[in-house]
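Residue-level structure breakdown
Residues per chain are reported as follows:
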Amino acid sequence: MDLSAEASLLDAAQRLAEAERRGDVRILEELLAADYRGYDPAGRPQDRPSVVRAYADGGVRVTALGQSDLRVRVIGEVGLVAGVSALQGRQREEPFDFRLRFLDVYAWRDGRWQLVASQDTHLPR
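Residues numbered from 1 in each chain as written. Predicted model: local features only at pLDDT ≥ 70, side-chain atom pairs only at ≥ 80, totals over all residues. Heavy atoms only, no water.

With that settled, consider the overall build of the protein chain. Counting secondary structure elements, the protein chain contains three helices and six strands. Written out in order from the N terminus, the α and β elements of the protein chain read α-α-β-β-α-β-β-β-β. In terms of its C-alpha atoms, the protein chain occupies a principal-axis envelope of roughly 45 × 30 × 25 Å. Buried positions account for 37% of the 125 residues belonging to the protein chain. For the protein chain, the proportion of contacts with a sequence separation of at least 24, taken over those separated by at least 6, is 49%. (Helix = DSSP H or I, 4+ residues; strand = E, 2+ residues; numbered from the N terminus. Buried < 20%, exposed > 50% of the residue type's maximum accessible area, 1.4 Å probe, protein only. Contact = heavy atoms within 4.5 Å.)

In structure tokens form, the structure reads like this:
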């Protein structure tokens, strides 16, 4: 097990969470792969342009994002990050406050981890 690979993957995941908290579009663009595909907690598909646009135009504002139960695994040039997130904020004018379990899939490309796929599932409060 390469602990440095796992540590760098965990760092990328934490940078992604911080970018979501701060609405940092530049970091989101750096960490989301051009071919990123994911599913939000309602099962709706999302891609890199839709995620970046939601933060850039103010459609999504995260006011609190905490993570727990993080598990990181590296298999060759693929990294898996699983955990639980508690989020608060608003999407357009609708406030949100929920917990979800997530699985993020990263690929090692161009000397860095990039998120290529994600799946979120709502958890009870």
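Back to the text.
Turning our attention to the pairing of strand 1 (residues 32-39). Taken residue by residue, a regular strand's side chains alternate between the two faces of the sheet. Two elements, strand 1 and strand 6 (residues 112-123), share four bridges in a ladder whose sense is parallel. Residue pairing in the sheet places Leu-32 in a bridge with Leu-115 of strand 6. As defined by bridge partners, strand 1 adjoins strand 2 (residues 45-47) across three bridges and the pair is classed as antiparallel. In the strand pairing of strand 2, Tyr-39 is matched with Pro-45. (Pairing = 2+ DSSP bridges.)

Further remarks concern the pattern of salt bridges. For the structure on display, the rule yields nine salt bridges. For Glu-18, the salt bridge goes to Arg-21, with nearest N and O atoms at 2.9 Å. Of this pair, Glu-18 and Arg-21 both sit in helix 1 (residues 3-22), three residues apart, which is roughly one turn of that helix. Residue Glu-18 is classed as partly exposed on the basis of its relative accessible area, which comes to 29%. With a closest N to O distance of 3.4 Å, Asp-69 and Arg-101 form a salt bridge. With Asp-69 in strand 3 (residues 60-75) and Arg-101 in strand 5 (residues 94-109), this pair connects stretches of sequence that are 32 residues apart. It is possible to trace a salt-bridge network through shared partners that takes in Arg-15, Arg-26 and Glu-30. (Salt bridge = Lys/Arg side-chain N within 4 Å of Asp/Glu carboxyl O.)

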